[in-house]
Amino acid sequence: MSAGRKQLRRQRQVESIGGECVLVKFDVSKTSEVQDAFKQIAAECGRIDILVCNAGITRDGLLATMKEEAWDQVMDVNLKGAFNCIKAGCRPMMKQRWGRIIIITSVVGFAGNAGQVNYSAAKAGLVGLARSSARELSSRGITVNCVAPGYIDTDMTSELPEAVKEKILSEIPLGILGEPKDIAGAVTYLASEDARYVTGQVIHVNGGMFMG
């Protein structure tokens with residue numbers, strides 16, 4: 001399914017439960033595009049209450065042979081992209097003195113993973129970004145937290161060879177892959193008033209694969 005069709009499907013899902021959905025396309029690694037997009041969103045929606053930073057790419061390869069381009073691409077999208085969105089999103093939140101920022105990191109940002117030094121480094125960097133931002137923004141009623149997924153049953157994992165899947169499952173105490181709804185549940189909690197006293201934290205959703 002093309003990216004455009006996926007976005008349209010998600011828009012219809014939101015609208016089917018009575019919500020309103022406005023799609024704004026931009027490249028999170030491009031600072032000017034992010035700034036323009038957030039201005040448009042704030043103008044159309046009136047305010048920005050919740051920001052979920054979940055843009056991410058992989059460019060896997062071993063450290064000794066990884067090209068600089070592969071390192072830069074992953075850092076630009078996964079780490080700089082979150083920085084750009086938080087910087088743009090926190091400004092209207094500061095004015096309204098309320099906001100929820102949730103960053104999607106990864107189990108490999110804590111445990112590491114061979115062949116993913118760029119991805120692991122970027123995901124680890126997001127935790128430092130979240131905790132420092134939480135300290136800066138807390139006085140304005142804004143919380144900043146992370147959700148660290150393990151292996152989730154998605155289109156990406158479904159394409160893995162069976163031998164790789166079996167190895168992954170052997171490392172997960174619960175013995176199953178997570179589902180997108182498991183991550184959504186953690187994000188929903190952090191975005192709610194129930195989490196009003198939680199900031200600078202990481203919620204691990206990985207079936208016990210990493211216990212930090």
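What counts and what doesn't
- Residues numbered from 1 in each chain as written.
- Predicted model: local features only at pLDDT ≥ 70, side-chain atom pairs only at ≥ 80, totals over all residues.
- Heavy atoms only, no water.
- Phe/Tyr/Trp six-rings, centres within 6.5 Å; stacked < 30°, edge-to-face > 60°.
- Helix = DSSP H or I, 4+ residues; strand = E, 2+ residues; numbered from the N terminus.
- Buried < 20%, exposed > 50% of the residue type's maximum accessible area, 1.4 Å probe, protein only.
- Axes fitted to C-alpha atoms, helices over the stretch in contact; angles between N-to-C directions.
- Parallel < 35°, antiparallel > 145°, perpendicular 65-115°, else oblique.
- Left-handed = near helix turned anticlockwise from the far one by under 90°.
- Contact = heavy atoms within 4.5 Å.
- Salt bridge = Lys/Arg side-chain N within 4 Å of Asp/Glu carboxyl O.
- Pairing = 2+ DSSP bridges.

Using the criterion set out here, one finds two aromatic pairs in the structure. Pairing Phe26 with Phe38 gives two aromatic rings, centres 6.1 Å apart and planes at 70 degrees, and the pair type is edge-to-face. Taken together, the residues span a long stretch of sequence, with Phe26 in the loop between helix H1 (3-16) and helix H2 (31-45) and Phe38 in helix H2 at a distance of twelve residues. Plain terms: the ring middles of Phe110 and Phe210 are 5.7 Å apart, the flat faces sit at 35 degrees to each other, and that makes the pair tilted. Taken as a pair, Phe110 in helix H4 (residues 108-111) and Phe210 in the segment after strand S4 (202-205) lie far apart in primary sequence, 100 residues in all. Taking the relative accessible area as the measure of exposure, Phe210 reaches 23% and is therefore partly exposed.

On to the packing of helix H3 (residues 68-96) against helix H5 (residues 117-137), then. In the contact formed by H3 and H5, the axes pass within 9 Å of each other and the chain directions differ by 15 degrees. As summarised for this structure, H3 and H5 are arranged roughly parallel, according to the angle between their axes. For the pair H3 and H5, the sense of crossing is right-handed. Side by side, H3 and H5 meet where Ala70, Trp71, Val74, Met75, Asn78, Leu79, Ala82, Phe83, Ile86, Cys90 and Met94 of the first sit next to Val117, Asn118, Tyr119, Ala121, Ala122, Lys123, Gly125, Leu126, Leu129, Ser133 and Leu137 of the second.

Inspection of the entire model under this criterion finds five salt bridges. A salt bridge links Asp49 to Arg47, with the nearest nitrogen and oxygen atoms 2.8 Å apart. Taking the relative accessible area as the measure of exposure, Asp49 reaches 26% and is therefore partly exposed.

This part is about the pairing of strand S3 (residues 142-149). Residues in a regular strand point their side chains to alternate faces of the sheet. The element S3 is largely enclosed, with a buried count of eight among its eight residues. Burial of S3 is two-sided: the residues Ile142, Val144, Cys146 and Ala148 facing one way and the residues Thr143, Asn145, Val147 and Pro149 facing the other way are all buried. Strand direction decides the pairing type here: strand S2 (residues 99-104) and S3, joined by six bridges, are parallel. For Arg100, the partnering residue across the bridge sits in S3 and is Thr143. Direction of pairing for S3 relative to S4: parallel, over a ladder of four bridges. Residue pairing for S4: Ala148 is matched across the bridge by His204.

Mapped onto the fold, Thr143 is located in strand S3. Judged by relative accessible area, Thr143 falls into the buried class, the value being 6%. With near-sequence residues (within four places) excluded, Thr143 lies in contact with Gly99, Arg100, Ile101, Leu190, Arg196, Val198 and Thr199.

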